[in-house]
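A look at the structure
Listed below are the residues making up each chain.
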Amino acid sequence: MNEREMLLRRLSSAQFAAWEMHIFLDTHPDDQQAIASYQKYHEKAQALIKEFEEKYGPITSSASAFGEKRWEWINNPWPWENEKETKN
Amino acid sequence: MWQYEKKLQYPVKIKTPNPKLASLIITQYGGPDGELGASLRYLSQRFAMPYPELKGLLTDIGTEELGHLEMIGSIVYQLTRNLTEKEIKEAGFDAYFVDHTTGIYPASASGVPFTAAYLQSKGDVITDLHENLAAEQKARTTYDNILRFADDPDVRDVIKFLRQREVVHYQRFGEGLRIATDKLNSKNFYAFNPSFDK
């Protein structure tokens, strides 16, 4: 696993934990422990998105993630691709 | 509205193509208990949901199912790359291939194209939530059946993740059903549709 994949995995783990709390809170909207847990993982995921986008380009539509000279959104790899086999 | 995140919910990295397995897994893309039907079911039913917990739950689970649709498409895509005509024929992938080459098409393992007849949106909260509880179990059984035929750990890992999400969604829908029935008293339970009768 290369560094990009490792960072993406850490990001996906934090997002997944936040998402699991998110749908739990849909049916338990007053659960304070779940709200605190959601906030913790959401903040962690946001920080990792920022770090990932600064290093490897946009995965969300945030302006800071795009380069000035080229529209980086279209760059390979796309999520369904095995990046080792994809040329830019 | 929706915004796209350029990543999968869970990574799909398959090293070895396997068109035979692809022709089975495509059923979770466009088959009777697949992810396309799941997302359309919840995202359509939500308009008739009378309680905020349930509007949120169907919106969110329907959205997650779209992410699962993308993961299944990615599995089938990666299982069918760099194939020779001989490999396609020997794997029995030739029937799919003549219709779609290696394009991703919503159909079942037996080749039946996706149809909205796979889902219901009944406009009754009790009825719809029972449909959803059954749908999650049917999808879980389908993933169990796929695991019977999948030896590749790269594939099994992703299928096990998706199987586990069916179990979690079943749990959340169960809580949603409890929320709905708690808001109805014993007199109007089944005699009354809180999505329609005011």
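Rules used in this analysis
Residues numbered from 1 in each chain as written. Chains lettered and ligands numbered in written order. Predicted model: local features only at pLDDT ≥ 70, side-chain atom pairs only at ≥ 80, totals over all residues. Helix = DSSP H or I, 4+ residues; strand = E, 2+ residues; numbered from the N terminus. Rg over C-alpha atoms; globule rule 2.2 N^0.38 Å. Buried ≥ 20, exposed ≤ 12 C-beta atoms within 10 Å, placed from the backbone. Contact = placed C-beta atoms within 7 Å. Axes fitted to C-alpha atoms, helices over the stretch in contact; angles between N-to-C directions. Parallel < 35°, antiparallel > 145°, perpendicular 65-115°, else oblique. Left-handed = near helix turned anticlockwise from the far one by under 90°. Nonpolar A, V, L, I, M, F, W, Y, C, P; charged D, E, K, R; others polar. Core = buried A, V, L, I, M, F, W, Y, C linked by C-beta atoms within 7 Å. pLDDT = per-residue confidence, 0-100. Expected span 1.5 Å × (residues − 1).

Quick look at the overall build of chain A now. Secondary structure summary: chain A contains two helices and zero strands in total. Computed over the C-alpha atoms, the radius of gyration of chain A is 16 Å, more than 25% above the 12 Å expected from 2.2 N^0.38 for a compact globule of 88 residues. With respect to the principal axes defined by its C-alpha atoms, chain A has extents near 50 × 30 × 20 Å. Expressed as a percentage of the 88 residues in chain A, the buried residues total 16%. Contacts in chain A between residues far apart in sequence, at least 24 positions, make up 34% of those at least 6 positions apart.

Each helix and strand in chain B was counted, giving eight helices and zero strands. C-alpha extents for chain B along the principal axes are approximately 65 × 35 × 30 Å. A separation of at least 24 residues holds for 79% of the contacts in chain B among residues at least 6 apart in sequence.

Here we come to the packing of helix α1 (residues 3-27) of chain A against helix α2 (residues 32-56) of chain A. Residue and element names in this part refer to chain A. At their nearest, the axes of α1 and α2 sit 8 Å apart, and the two run at 150° to each other. In terms of orientation, α1 and α2 fall into the roughly antiparallel class. Crossing geometry of α1 relative to α2 is assigned as left-handed.

The subject of this paragraph is the interface of chain A and chain B. Across the boundary between the two partners, chain A contributes 15 residues, which contact 22 residues of chain B. Across the side of chain A that touches chain B, the residue classes tally to seven nonpolar, six polar and two charged.

What follows is about the nonpolar core. Counting 42 residues, the largest nonpolar core has Ile-25, Ile-75 and Val-76 of chain B as its most contacted members. For this core, the elements supplying multiple residues, two or more each, are α1 of chain A together with α1 (19-25), α3 (35-45), α4 (52-79), α7 (125-149) and α8 (153-182) of chain B. Broken down by element, the residue count for this core peaks at 10 residues, all from α4 of chain B. Not counting residues within four places of it along the chain, the set of residues in contact with Ile-25 of chain B comprises Ile-72, Ile-75, Val-76 and Ile-146 of chain B. Leu-11, Ala-14, Tyr-41 and Ile-49 of chain A belong to the second-largest nonpolar core, a separate cluster that totals eight residues.

On to the confidence of the model for chain B. In the predicted model, chain B carries a mean pLDDT of 96, and the fraction of residues at 70 or more is 97%. We note a pTM of 0.96 for the whole complex and an ipTM of 0.94 for its interfaces.

Another aspect to go through is unusual backbone geometry. Put simply, Asn-76 of chain A and Pro-77 of chain A share a cis peptide bond, and its omega is 0°. Within the secondary structure, Pro-77 of chain A is located in the segment after α2. The phi angle at Asn-82 of chain B is positive, at roughly 55°, despite the residue not being glycine. Positionally, Asn-82 of chain B belongs in the loop between α4 and α5 (85-90). Even without a glycine there, the phi angle at Thr-101 of chain B is positive, about 50°.

Over its 25 residues, α1 of chain A runs 37 Å from end to end, which matches the ideal 36 Å to within 8%, given 1.5 Å per residue. Those residues of α1 of chain A not exposed but buried are Leu-8, Leu-11, Ala-14, Gln-15, Trp-19, Met-21, Ile-23, Asp-26 and Thr-27 of chain A. Contacts from the buried residues of α1 of chain A go to α2 of chain A together with α4 and α8 of chain B.

Let us now look at the environment of Asp-128 of chain B. Inspection of the secondary structure assignment puts Asp-128 of chain B in helix α7. The contact partners of Asp-128 of chain B, leaving out residues within four places of it in the chain, are Gln-45, Ser-121 and Lys-122 of chain B.

With that out of the way, let us pick up the environment of Ala-63 of chain A. Residues and elements named next belong to chain A. Turning to its location among the elements, Ala-63 is positioned in the segment after α2. A tally of 6 C-beta atoms within 10 Å means that Ala-63 is categorised as exposed. Each C-alpha atom of the pair Ala-63 and Ala-47 lies 15 Å from the other, and the pair is 16 residues apart in sequence.

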